[in-house]
Amino acid sequence: MIRRLLLVRHGVTTWNREGRFQGHLDPPLDPLGEQEAAALAGRLVREVPEALSIVSSPLQRATATARIIADAFAADGRLIAVQLEPGLMEIGQGEWEGRTHGELAQADAERYRTWAATGGWHEPPGAEPATDAANRAADAVSRMLAAADPSLAETLCCVSHGGILRLLAGRLAGLPDEQSWALQVDNASLSELRHTAGGWQIEAWNETSHLAGELTAEDRRAEGSPPAL
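Definitions and limits used
Residues numbered from 1 in each chain as written. Predicted model: local features only at pLDDT ≥ 70, side-chain atom pairs only at ≥ 80, totals over all residues. Heavy atoms only, no water. Helix = DSSP H or I, 4+ residues; strand = E, 2+ residues; numbered from the N terminus. Expected span 1.5 Å × (residues − 1). Buried < 20%, exposed > 50% of the residue type's maximum accessible area, 1.4 Å probe, protein only. Contact = heavy atoms within 4.5 Å. Polar contact = N/O pair within 3.5 Å; in protein donor to acceptor, adjacent residues only side chain to side chain. Core = buried A, V, L, I, M, F, W, Y, C linked by side-chain atoms within 4.5 Å. pLDDT = per-residue confidence, 0-100.

Here we look at helix H2 (residues 31-47)
- Compared with the 24 Å implied by 1.5 Å per residue over 17 residues, the 25 Å span of H2 between its first and last C-alpha is a close match.
- Among the residues of H2, those classed as buried are Leu32, Gly33, Glu36, Ala37, Leu40, Ala41, Arg43, Leu44 and Val45.
- Here the buried face of H2 lies against strand S1 (4-9), helix H1 (14-18), helix H3 (60-75), strand S5 (190-196) and strand S6 (199-207).
- Measuring from the side-chain oxygen of the N-cap residue of H2 to the backbone nitrogen of Leu32 gives 3.1 Å; that N-cap residue is Asp30.

This is the structure we're talking about:
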């Protein structure tokens, strides 16, 4: 039985650093994002001695991160295939995909102010409802857990996106969606849930010690660049 879930957000992209909404659009990792993914991969190889399964959102910023992790395990003599799961795709951001915070604050000022006042909980125009995204992610993980071969792995590593990971963790831990939305999820961060008699419990959240010297999302906000989904 899978008793440990590792939740990994993809490394940074140029769009992240520009504060540009990504959603279902598909920008790649930038060179710093590749370095972040490699640092995280090294940590996982050191800290996860048991067998591991890796599943990823099909968007390339996530799959590249997942494959960097798999390559690090292969170099350690542990061959792991990366499975793709559409249910782990980021929340669709509708009309705002590809646009920056700064642009929207000017061109769509009223709706942007409403969105910002709710910490991003209020959906952009035409966006996928957060509750629908939470449902598909939770359903996907439930299917993966049910199909997992306990003789092959006890740990499942899900490589995905900031919005989806916070909602997924909240669903597993029994938190209301709006409450879990407030959880911070930095690029290339590592979070951990463990299964106990009482269900899934959050053991660690948004761990970034492997990124020593890198800017976190909080740092970028302090510099005036809000993180984008």
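On we go.
Points about the nonpolar core
- In this structure, Leu5 and Cys158 are the most contacted members of the largest nonpolar core, which totals 26 residues.
- Considering every element that reaches this core, the biggest residue donor is helix H6 (residues 130-147), with 7 residues.
- Those residues in contact with Cys158, other than ones at most four positions away along the chain, are Leu5, Leu6, Leu7, Val8, Val55, Leu88, Val141 and Leu165.
- Listed in part, the 19 residues of the second largest apolar core include Val8, Leu40, Ala41 and Ala70.

Observations concerning the confidence of the model for the protein
- The pLDDT averaged across the protein works out to 92; a share of 92% of its residues lies at or above 70.
- Note on residues 220-225: pLDDT is under 50 here. Beyond four places in sequence and across chains, it has 9 contacts.

Quick notes on H3
- Taking 1.5 Å per residue, 16 residues should reach 22 Å; H3 reaches 22 Å between its end C-alpha atoms and fits that length.
- Taken residue by residue, H3 has Arg61, Ala62, Thr63, Thr65, Ala66, Ile69, Ala70 and Phe73 as its buried positions.
- Buried residues along H3 sit in contact with S1, H2, strand S2 (52-56), strand S3 (82-84) and strand S4 (155-160).
- Looking one or two residues beyond H3, the residue adopting positive phi is Gly77, at roughly 90 degrees.

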